[in-house]
Amino acid sequence: MTEPNPNRSIPDLVGDAFTQFAKLVSNEFELARAEMSDKIGQVGRAAMMIGAGAVILIPGLVVLLMAAAAALVEHGFASSVAYLIVGGCTTGIAAVLIGFGANRMSPEALKPEMTIEQLQRDKKAAGELMR
C-alpha cells in the first residue's frame, strides 16, 4: 500500500471513496452469487430426497400390502386392520423422507447468511467512513 498523500484534493478523496465502494458492492454481489449457488445445490439435494421418498412410497405400499395380505391369511387378521397398519407404516416412512427434504428447502435454511452478515459489516464500515 502506498503512503497517503496529505495534499490530495477533496474530489480525489471522494472519487477514491466511490471507487472503493463500487468494488465493495461488486465483491458483495460475487459473495451473494456464490452463496446462492450453494443454496441452489441444497435445493437440488432436498428435491432428490423428496423424489426418493415418492419413489419408495409406491413399491413400499405394494410390498407391505402384500405382507399384510399374507399376515391376514396366516394369523386371521381382519383385512381392514391389516391394510391400515401396513399403509400407515409405509406412509409414515414416506412422510419422514419428504419432511426431511421439505425442511431443507425452508426459507430459513436457504437464507444467504454470510452475505447478510457481510452486508451488515460493510454498512457499518461505510457509515464510519462517511463520518
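Residues numbered from 1 in each chain as written. Predicted model: local features only at pLDDT ≥ 70, side-chain atom pairs only at ≥ 80, totals over all residues. Heavy atoms only, no water.

### Concerning the environment of A54
Tracing the backbone through its elements, the reader meets A54 in helix α1 (residues 10-75). According to the relative accessible area criterion, A54 is partly exposed, its value standing at 38%. A C-alpha to C-alpha distance of 49 Å links A54 and A125, two positions 71 residues apart in sequence. (Helix = DSSP H or I, 4+ residues; strand = E, 2+ residues; numbered from the N terminus. Buried < 20%, exposed > 50% of the residue type's maximum accessible area, 1.4 Å probe, protein only.)

### Things to note about a nonpolar patch on the surface
Together, I10, V14 and F18 make up an exposed nonpolar region whose accessible area comes to about 320 Å². The exposure class assigned to I10 is exposed, which follows from its relative accessible area of 63%. (Patch = residues over 30% accessible without salt bridge, like charges linked within 9 Å, V, L, I, M, F, W, Y side chains within 5 Å. Areas by Shrake-Rupley, 256 points an atom, 1.4 Å probe, with all protein chains shown as cover. Salt bridge = Lys/Arg side-chain N within 4 Å of Asp/Glu carboxyl O.)

### Some remarks on the side chain of K39
Structurally, K39 is set in helix α1. Despite its burial, K39 pairs with no opposite charge; the closest candidate is E35, at 4.8 Å N-O. Excluding its chain neighbours within four sequence positions, the residues that come into contact with K39 are A109, L110 and K111. (Lys, Arg positive; Asp, Glu negative; His and termini not counted. Contact = heavy atoms within 4.5 Å.)

### Some remarks on the UniProt feature "transmembrane region" (unreviewed entry) in the chain
Residues annotated in UniProt with the feature "transmembrane region" (unreviewed entry) correspond here to residues 46-69 and 81-102. For residues 81-102, the helix share is 100%, the strand share is 0%, and the end-to-end C-alpha distance is 31 Å. (UniProt positions renumbered as here; feature names shortened; annotations may be inferred.)

### So, the pattern of salt bridges
Scanning all chains against the criterion turns up one salt bridge. The partner of E30 in a salt bridge is R33, with the nearest N and O atoms 2.5 Å apart. Of this pair, E30 and R33 both sit in helix α1, three residues apart, roughly one helical turn.

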